[in-house]
Amino acid sequence: SYISNILYLLNWDTDQILYLFYPILSIFVGLALYITVKEYFDKNSAFFGFLIFSLSITQFLAYSAYFWKMMAATVLILTSFYLINKKSWLAVPIAGFIGPLHLPSFLPFGLSMAGKFLFDKSRVYTLITGLGVILIALSVSGPSVIGYSSYYTENLGLIGQDAESG
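One structure accompanies this document, and this report is about it. Note that the structure is predicted; figures quoted are calculated from it, not measured. (Residues numbered from 1 in each chain as written. Predicted model: local features only at pLDDT ≥ 70, side-chain atom pairs only at ≥ 80, totals over all residues. Heavy atoms only, no water.)

## Looking at the pattern of salt bridges
Should their charged atoms come close, side chains of opposite charge can pair. This structure, assessed with the given rule, holds two salt bridges. One salt bridge in this structure joins Glu39 and Lys86, with 3.5 Å as the shortest N-O distance. Separated by 47 residues along the polypeptide, Glu39 in helix H2 (residues 14-40) and Lys86 in the loop between helix H5 (65-85) and helix H6 (91-96) bring together distant segments of the chain. Its salt-bridge partner being Asp120, residue Lys116 comes within 2.4 Å of it at the nearest N-O pair. (Salt bridge = Lys/Arg side-chain N within 4 Å of Asp/Glu carboxyl O. Helix = DSSP H or I, 4+ residues; strand = E, 2+ residues; numbered from the N terminus.)

Written out as structure tokens, the structure reads:
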């Protein structure tokens, strides 16, 4: 990944940084969860959501290199949802880095944006935000997004299948 390559160039050990970075990232996920749930619901729901998250067994057991990317993407997703609800344009660059950071987390975010576009009254804002997010995601890591998408479509049998093999 881009981040591990940068750390390697700086001669930093990624494992040691991850052990320090993971608890800090977990705190940011908890705070983003609390703020976002409070925005959509109320303080009690936010408190209990934060409590369930902080007591989750995942918080004590998962600290692998792949998991930290998902946790960082979760911070970006929750922050983006909060900013989108506030109709802030700051959501565009923040959400634009979800895909390059952790592509599997980008799909639920994209589906949520599509649902918001279909059912929300602020369609112009949602459309411009969505296009901006896609533009940033593709400009940051377009080749890898295209590579992942072609890999998934070929393995799901959506393309590249002829009559004899299918």
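## Some thoughts on a nonpolar patch on the surface
Taken together, the side chains of Leu20, Ile24, Ile27, Phe28, Leu31 and Ile35 define a hydrophobic patch exposed on the protein surface, amounting to about 580 Å² of accessible area. On the basis of relative accessibility, which here comes to 37%, the residue Ile24 falls in the partly exposed class. (Patch = residues over 30% accessible without salt bridge, like charges linked within 9 Å, V, L, I, M, F, W, Y side chains within 5 Å. Areas by Shrake-Rupley, 256 points an atom, 1.4 Å probe, with all protein chains shown as cover. Buried < 20%, exposed > 50% of the residue type's maximum accessible area, 1.4 Å probe, protein only.)

## Topic: the environment of Leu127
Inspection of the secondary structure assignment puts Leu127 in helix H9 (residues 123-155). Residues Leu127 and Lys116, spaced 11 residues apart in sequence, show a C-alpha to C-alpha distance of 9.5 Å.

Geometry only, nothing functional implied.
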